[in-house]
Amino acid sequence: MNTILIFIQKAIVQGMGILFGAEGEILTEKSGNLNLGIPGIMYMGGIAGLMGAFFYEKGNENPNAFVGMLISLFCAFACAVLGGLIYSVLTITLRANQNVTGLALTTFGTGFGNFFGGSVSKLAGGVGQISVATTAKAYQTKIPGLSKIPVLGDVLFSYGFLTYTAILLAVILSFFLFRTRKGLNLRAVGENPGTADAAGISVTKYKYLSTCIGAGIAGLGGLYFVMEYSGGTWTDKGFGDRGWLAVALVIFAMWKPLNAIWGSILFGALYILYLYIPGLGRSTQEVFKALPYLVTIVVLIITSFRRKKENQPPAALGLPYFREER
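Residues numbered from 1 in each chain as written. Predicted model: local features only at pLDDT ≥ 70, side-chain atom pairs only at ≥ 80, totals over all residues. Heavy atoms only, no water.

The number of helices and strands found in the chain is 14 helices and zero strands. Reading the helices (α) and strands (β) of the chain from amino to carboxyl end gives α-α-α-α-α-α-α-α-α-α-α-α-α-α. The C-alpha atoms of the chain give a radius of gyration of 20 Å, which matches the 20 Å a tight globule of 326 residues would have. Dimensions of the chain along its principal axes, counting C-alpha atoms only, are 60 × 45 × 40 Å. Expressed as a percentage of the 326 residues in the chain, the buried residues total 49%. Partitioning the intrachain contacts of the chain with sequence separation of at least 6 by distance along the chain shows that 76% fall at a separation of at least 24. Accessible surface, the chain: about 15200 Å² in total, of which carbon and sulfur atoms supply 66%. For the chain, the centre of its 25 positive side-chain charges and the centre of its 15 negative side-chain charges are spaced 5 Å apart. (Helix = DSSP H or I, 4+ residues; strand = E, 2+ residues; numbered from the N terminus. Rg over C-alpha atoms; globule rule 2.2 N^0.38 Å. Buried < 20%, exposed > 50% of the residue type's maximum accessible area, 1.4 Å probe, protein only. Contact = heavy atoms within 4.5 Å. Areas by Shrake-Rupley, 256 points an atom, 1.4 Å probe, with all protein chains shown as cover. Lys, Arg positive; Asp, Glu negative; His and termini not counted. Charge placed at Lys NZ, Arg CZ, Asp CG, Glu CD.)

Here helix α7 (residues 161–179) crosses helix α10 (residues 203–229) at 155°, and the two axes come no closer than 10 Å. Comparing their axes, α10 and α7 come out roughly antiparallel. Of the two elements, α7 crosses α10, and the hand of that crossing is left-handed. Between α7 and α10, the residues in contact are F161, L162, T163 and L169 and I217, Y224 and E228, respectively. (Axes fitted to C-alpha atoms, helices over the stretch in contact; angles between N-to-C directions. Parallel < 35°, antiparallel > 145°, perpendicular 65-115°, else oblique. Left-handed = near helix turned anticlockwise from the far one by under 90°.)

Soluble globular proteins tend to bury their nonpolar side chains together. The biggest cluster of nonpolar side chains holds 77 residues, and the ones touching the most others in it are F20, M42, L50, M227, W234 and L249. If we skip the residues at most four places from it in the chain, F20 touches L162, T165, A166, L169, I217, A218, L220, G221 and Y224. (Core = buried A, V, L, I, M, F, W, Y, C linked by side-chain atoms within 4.5 Å.)

Put into structure tokens, the structure is as follows:
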């Protein structure tokens, strides 16, 4: 029983960073933009937040954890928004191919993270010497009292505030998309931008805002892995392929933020399942890490056969909008 509870807890820890990335991409894709640069944007957000906290703590003898947290949050969100803005200018204004631009942004973001991660490591005295322990503690602080509750405390209340922020964001995003007029306008832009434009909806504004804000939310996923998950450290491998898991989760969740909550926990469980199966070789472990992608493919096949409109991607997803052709 104890092993099962630990497994669930670890699955939640693994899944929340993926959830941030998926939320940002769902918001982006609802506008018709397919941003495959989410993994790179998560790298940008993670390293920017770490650098903000590092330079704050380095310049203060007695750094305040709350101030360090605010600085890292701002830096992560702002840098990720910048990545989203780069993507928006290229694909919305200049009408570059969205797939190519997104993949280029992922390559750029990964290089950006590794370059500045290495640079900060040198300033700190070598690889593994980055210390933002004060700020990281603010992210890892558990809910007082509730985390001590037997059984439920370990499963539900033993996480930092970013975990609960990710879940709350999914609820807010779902309400915004399906219960507000602005959300309806955004979905209209993603389904048929020509019709939305004719109805007086600013297609360019909605695409820019959703893509940039979505990128900012995804950047918080990178910050989560750096601060709450890793305790304020950075390695050359960053957080691996979890950015791509976030993109896969969007499909698995069928573009619904609430589905992404339990989907992220499932992905987290599948990602670490091999650790709880004794006797697996290295090659078998890698096969287990591919399980979330396999599950996504199965869901994609099933939804394609059913052809339910509510389970399909936005009709104009990935297509550039030429106003003069409407």
